[in-house]
Amino acid sequence: MKAEDFSCLRKALTEAGIPFLEQEPMAAHTTFRVGGAAPVLIEPRSEQQAIASIKYCRQYKIPVFILGRGSNLLVSDDPLPLAVLHLGEGYSSLQRTGPEEITAQSGALLMNLCRMARDLELSGLEFAYGIPGSVGGGVYMNAGAYGGELKDVVTRVRYLDEEGAIQEASGEELAFSYRRSLFSGRGCLILSAAFRLHPGRREEISAAMEDYMERRRSKQPLEYGSAGSTFKRPEGAYASALIDQCGLKGYTVGGAQVSEKHAGFVINRGGATCAQIKAVMAHVAATVEEQTGFRLEPEIRMLP
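Not measured: the values here are computed from a predicted model.

Quick notes on the rules
Position numbers for residues count from 1 along each chain, tracking the sequence in the order it is written. Restriction of local features to residues with pLDDT of at least 70 applies here, the model being predicted, together with a cutoff of 80 or more for giving and counting side-chain atom pairs; totals for whole chains, interfaces and linings are based on all residues. Side-chain measures were taken over the full set of non-hydrogen atoms in the model, leaving aside hydrogen atoms and water. We call two strands paired when DSSP finds no fewer than two bridges between them. Secondary structure elements are defined from DSSP: runs of H or I of at least 4 residues count as helices, runs of E of at least 2 residues count as strands, and each element is numbered from the N terminus. Axis definition: a line fitted to C-alpha atoms, limited for helices to the stretch in contact. Angles are taken between N-to-C directions and run from 0 to 180 degrees. Within this scheme, the nonpolar core is defined by two criteria: the residues are buried Ala, Val, Leu, Ile, Met, Phe, Trp, Tyr or Cys, and they are joined through side-chain atoms within 4.5 Å. Only protein chains enter the area calculation, which uses a 1.4 Å probe; residues under 20% of their type maximum are buried, those over 50% are exposed, and those in between are partly exposed. For this analysis, residues touch if any pair of their heavy atoms sits within 4.5 Å. Between the rings of Phe, Tyr and Trp (Trp by its six-membered ring), a pair exists once the centres lie within 6.5 Å; its type follows the angle of the planes, with under 30 degrees stacked, over 60 edge-to-face, and the other angles tilted. By definition, being over a ring means that NZ of Lys or CZ of Arg is both within 6 Å of the ring centre and within 35 degrees of the ring normal.

### Side note on the sheet that holds strand S5 (residues 83-86)
So, point 1. Read from one edge to the other, the open sheet built from four strands follows the order S1-S2-S5-S3, with strand pairing classed as mixed. The open sheet has two free edges, formed respectively by strand S1 (20-25) and strand S3 (64-67), since each of these has just one partner strand. Looking at each pair of strands side by side, their axes are set apart by 30° on average, direction ignored.
So, point 2. By the bridge criterion, three bridges tie strand S2 (residues 37-42) to S5 in an arrangement that is parallel. Within S5, the position partnered with Ile42 by the bridge is Leu85.

### Re the nonpolar core
So, point 1. By size, the foremost hydrophobic cluster in this structure holds 38 residues, and its most contacted members are Leu125, Val135, Val139, Leu150, Phe183 and Phe195.
So, point 2. When residues in this core are grouped by element, the largest group, five residues, is from helix H3 (residues 110-119).
So, point 3. Excluding residues that lie within four positions of it along the chain, Leu150 makes contacts with Leu110, Leu125, Phe127, Gly138, Val139, Asn142, Ala143 and Phe195.
So, point 4. Residues Val34, Leu74, Phe231 and Met281 belong to the second largest nonpolar core, which totals 25 residues.

### Points about the pairing of strand S6 (residues 94-98)
The side chains of a regular strand alternate between the sheet's two faces.
So, point 1. Here S6 runs beside strand S7 (residues 101-105); their pairing, made up of four bridges, is antiparallel. Counted as the bridge partner of Gly98 is Glu101 from S7.
So, point 2. Connecting S6 to the next strand, S7, in antiparallel fashion are two residues.

### Concerning the packing of aromatic side chains
So, point 1. Counting across every chain of the model gives two aromatic pairs.
So, point 2. Their ring planes at 15° and their centres at 5.0 Å tell us that Tyr146 and Tyr212 sit as a pair that is stacked. With Tyr146 in the loop between strand S9 (144-145) and strand S10 (148-149) and Tyr212 in helix H5 (residues 202-219), the pair connects residues that are 66 residues apart, well separated along the chain.
So, point 3. Look at Tyr212 and you get buried, because its relative accessible area is 17%.
So, point 4. Between the aromatic rings of Tyr159 and Phe183, the centroid separation amounts to 5.0 Å while the plane-to-plane angle is 75°, which identifies the pairing as edge-to-face. Taken together, the residues span a long stretch of sequence, with Tyr159 in strand S11 (residues 154-160) and Phe183 in the loop between strand S12 (166-170) and strand S13 (189-196) at a distance of 24 residues. Phe183 carries the same exposure label as Tyr159, and that label is buried.
So, point 5. Cation over ring: Arg215 sits above Tyr146, and NZ or CZ is 5.0 Å from the ring centre.

What follows is the structure in structure tokens.
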């Protein structure tokens with residue numbers, strides 16, 4: 001992209017009163033804590049601003065990446081050749097929209113959604129407590145843990161399609177599968193999602209949430225930067241077990257390492273680069289395939 005293209009975008013955003021940052025390090029916006037600078041990082045404060053931001057990027061033919069919590073993302077060390085639309089705290093409202101329904105803007109944290117459900121004595125989201133992502137990112141990849149997935153509770157999603165039209169899809173139309181949805185590989189902007197839950201007792205919901213969180217603390221390397229599970233679960237096996245079986249726990253390149261606590265996590269022990277993390281992942285995948293015949297595919301998204 002040419003510098004003047006981003007200049008036009010910056011001017012349009014400024015005139016529209018849409019907040020943005022210039023040359024913003026992506027390391028500050030991802031849980032891996034790595035990533036080069038985005039020439040423009042847009043931070044909309046409303047649905048209208050989010051939609052307008054997409055419109056301006058399309059108008060000036062600037063590629064745009066939609067970012068939530070950055071918890072399932074590995075960003076290149078190089079400056080990015082695109083704009084980033086960051087749906088964060090400014091686009092994170094939660095609202096009870098029915099006796100057993102909560103609607104969340106896509107920038108809301110899954111953790112906060114779970115807490116609201118608990119406080120309203122609504123059950124069904126306990127499994128998601130501790131998933132360090134946003135509602136939009138969770139819907140995009142059908143996030144799940146401990147036997148639960150968002151497909152079990154999402155009833156409808158509002159989104160902006162590639163043609164700039166606002167659409168609504170029901171849970172059945174969202175084509176959820178393992179870490180995939182209707183939105184996988186598409187340029188849609190998820191605006192909000194509705195969750196259908198069921199009545200429960202606050203004490204029991206809270207106990208289940210804390211149980212899941214304690215499991216995470218005891219088994220996962222939460223003290224280090226990571227993107228959660230690095231590889232998808234291959235059919236007929238578990239990625240972490242295969243990696244452990246191949247003796248790869250602790251394998252290190254620079255600041256990147258296969259966690260000694262949980263083999264399914266590649267972590268940033270401090271100062272890791274994207275290139276180092278990719279080198280660890282490539283070695284792990286090649287070794288596992290050579291020794292076991294299973295081919296591991298990354299669960300985390302790569303940018304660009």
